[in-house]
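# Observations on chain architecture
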Amino acid sequence: MPQPSGFSRLSATILTLSLVLTGCGEGSSSSGSSAASGSDATGDSSLPDTDGTIAYDFSLRGTEDNPRVYRRNLQSRSLGVVQSDDSVGGQVFAGGVYEDDLFAPAVVTASPDAVSIHSRVTGESAELWDLGKGQEPCSVRGFANSDLASGLVYVEMSGGNLTCDTSVDSDDNTYWVKFENGKVDRWEADGKSTYSHVYFNGEGNIDLISAHNHADKTVTLYDESGRVLQRLEGSTRKPEIYPMAAPGLTHDDTYVGVLNDDRFLATTVSMLVNSGLSGAKPLLTGLSRNARLASRSLIEDDRYAVIDDGGVLHKVDQINRSASVLADFSQKYDNGWVIDEVFLVGRKAIVLSSTYDDVDRLVSTSEAHSIDLASGEVTLLLAEDSAFRAARTDSLLFINYLNSELRYRTLMIQAAAEPLVTAVETYYATAQNLARGGDRSKVFALTSDEPKAIDSPVALLNPEIWEVNEDTGSYLGAVTKLQYNCQSMDALYAINSHVSVFSFCDDGFALQELELERGWLSFVTSDYRTVN
């Protein structure tokens, strides 16, 4: 049967990210925890000149029985089928997951038979690894080195029962596929281990991979080829490793934080790899097994992180590697409240917390507090009988909610300005821009000023979509007006002005493509199949 246009099933060409690496042979099919021997490359291994400009995007569409990969030309808007059967997809990140220059010039998809990679630069696709096992793909994602010609793809496949299972007793199989110099190697983590994190060094290259074992509370560190570098074991919980600030140029000046049993420790990558936690510096002790990283500072802020332990918030200085109590919400925690998220905005930590109805476990009340990072002063910003939906850029935090009149409002928080609440019905969404350079975030808002009757639906009536400035929050221009009602519209990612969104409107859940500059919204699918 002929393959769809643009896809060579057993092509000797492996399209790696925004550059095309020609001459890669078929992937190895041997298994085991060590790296499998790679196939020799064939053909020309040169890298064509390219400025990395993204010209295409890819989406997953179709029903569960007939999934397909589509390619969108972002300039002409033309859409066509690339291949069939691929049911899960993920980004291929380059530049470092926590770097300012993060971008994703390719996507990777998986079917029961193969793993394929799709270049957003050339629009071409090729098979990376021929599975040939008929297992159900559960998830897939990729990571690339700074040369954009080598990297790793993580694939999770169903086990013997052919269904994806996220439980501790899961029989799913996990694989790492390494591509480099025209070869493709595959290796598996030891035991029932799943991907935890990929760490990049200061040059934007893959440094370490951590995988956690469900059964024995261990985390194993691997290099790109699957060689075991270190194994950490916890007594009461699985150790969790977090990058601390930006990575240095060497292992000696790159620090990580480790949440292990009742302690939060700081150590260098060099010490972690060579001697585990024996030389690590304890920053916090006496923590409960429920302690967790509550802030998103690893992406948005280089200075502080916030650890939540039963409502007690600890501020971790990632530069000086010290810690202290920031605020104590333990009394509210004991009364059924939970801290959902902590955002760092300038010199403030914004804490979102909620309590749940005992019957249906839905959010009954939410609060937003601001904490001064220097003084620890706590200020209540907002309290509503509504769930909060937060979105942010580097400069702004948007908190969407329903007020007491069941009207949508947004609390907008800036680093150097007083918080404000929108006067009309609004819903803000943000997306990380996965193109190289340009804006780091894309923001759009739904607004509606149509009058509502008492029996009107709890939604924005015929909302208008606006493009929003990522630094100031001001409207840049109207995108389009919808002729139906929406409860929400959030974003998965953006490729410059092209945004992948998911919405809950009159016709239910939908995945869509939103073009901010040219003012169109295109339907993708009504199921949860997506690239994320």
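Parameters at a glance
- Throughout this description, residue numbers start from 1 for each chain and increase along the sequence as written.
- For a predicted model such as this one, the threshold for reporting local features is a pLDDT of at least 70, and the threshold for listing and counting side-chain atom pairs is 80 or more; totals across whole chains, interfaces and linings nevertheless cover every residue.
- Where side-chain values are given, they derive from all heavy atoms of the structure, hydrogens and water being excluded.
- Put simply, buried Ala, Val, Leu, Ile, Met, Phe, Trp, Tyr and Cys residues joined by side-chain atoms within 4.5 Å make one nonpolar core.
- For the exposure calls, accessible area comes from a 1.4 Å probe over protein chains only, and a residue counts as buried if that area is under 20% of its type's maximum, exposed if over 50%, partly exposed in between.
- Put simply, DSSP H or I for four residues or longer makes a helix, DSSP E for two residues or longer makes a strand, and each gets a number counted from the N terminus.
- Pairs of cysteine sulfur atoms within 2.5 Å are what we label disulfides.
- Centres within 6.5 Å are what make two rings of Phe, Tyr or Trp a pair, Trp counting through its six-membered ring; a difference in plane orientation under 30 degrees is then read as stacked, over 60 as edge-to-face, and the rest as tilted.
- For salt bridges, the criterion is a side-chain nitrogen of Lys or Arg within 4 Å of an Asp or Glu carboxyl oxygen.
- Any pair of nitrogen or oxygen atoms within 3.5 Å is treated as a polar contact; in protein, a donor-acceptor pairing is required on top of that, and neighbouring residues in sequence qualify only through side-chain atoms on both sides.
- A contact between two residues is defined here by any heavy atoms of the two lying within 4.5 Å.
- Pairing between strands is defined by DSSP: at least two bridges between the two strands are required.
- Angular values range over 0 to 180 degrees, each being the angle between N-to-C directions of two axes fitted as lines to C-alpha atoms, with helices fitted over their stretch in contact.

## Focus on the nonpolar core
Of all hydrophobic cores here, the largest spans 22 residues; its most connected members are Val115, Leu128, Val140, Val153, Val155 and Val177. Broken down by secondary-structure element, the contributors of at least two residues to this core are strand S7 (88–94), strand S8 (103–110), strand S9 (114–119), strand S10 (125–130), strand S11 (137–144), strand S12 (151–157) and strand S13 (173–180). Take this core: its biggest share by element is four residues, from S8. Core analysis: the second largest hydrophobic core is formed by 20 residues, Tyr427, Ala429, Cys486 and Leu516 among them.

## With respect to the state of the cysteines
By the definition in use, this model includes one disulfide. Between the sulfur of Cys486 and that of Cys505 lies a disulfide, 2.0 Å long from S to S. As the torsion about the S-S bond is roughly 90°, the Cys486-Cys505 disulfide counts as right-handed. Of this pair, Cys486 sits in strand S39 (residues 486–495) while Cys505 is found in strand S40 (residues 498–505), placing the two residues 19 residues apart along the sequence.

## So, the packing of aromatic side chains
Two aromatic rings are characterised by how far apart their centres lie and by the angle between their planes. Scanning the model with the defined rule gives eleven aromatic pairs in all. Arranged with centres 5.1 Å apart and planes meeting at 40°, the rings of Trp187 and Tyr222 form a pair that is tilted. Pair noted here: Trp187 is in strand S14 (residues 183–187) and Tyr222 is in strand S17 (residues 218–222), with a separation of 35 residues, a long-range link. What makes Tyr222 buried here is its relative accessible area of 1%. Taking the centre distance of 6.0 Å and the plane angle of 65° together, the rings of Phe388 and Tyr401 count as edge-to-face.

## Topic: the pattern of salt bridges
Opposite charge on two side chains allows them to pair when their charged atoms are near. Counting across every chain of the model gives 16 salt bridges. Taking the shortest distance from any N to any O, the salt bridge between Glu180 and Lys178 comes out at 3.1 Å. A cluster of three or more residues bridged by salt bridges with shared partners is formed by Arg61, Arg72 and Glu513.

## Here's the deal with the side chain of Thr218
Within the element layout of this structure, Thr218 appears in strand S17. Looking at Thr218, its side chain comes within polar contact range of the side chain of Asp216, at 2.7 Å. Leaving out residues up to four positions away in the same chain, Thr218 has contacts with Ala211, His212, Asn213, Arg231, Leu232, Glu233, Lys238 and Pro239.

## Concerning the sheet that holds strand S4 (residues 56–63)
Read across the sheet, three strands follow the order S4-S5-S6 without closing on themselves; strand pairing throughout is antiparallel. Of all strands in the sheet, those with a lone pairing partner are S4 and strand S6 (79–84), marking the two edges. Strand-to-strand twist across the sheet, computed as the mean angle between neighbouring axes with direction ignored, equals 35°. Relative to S6, strand S5 (residues 66–73) runs antiparallel, the two being bridged by five bridges.

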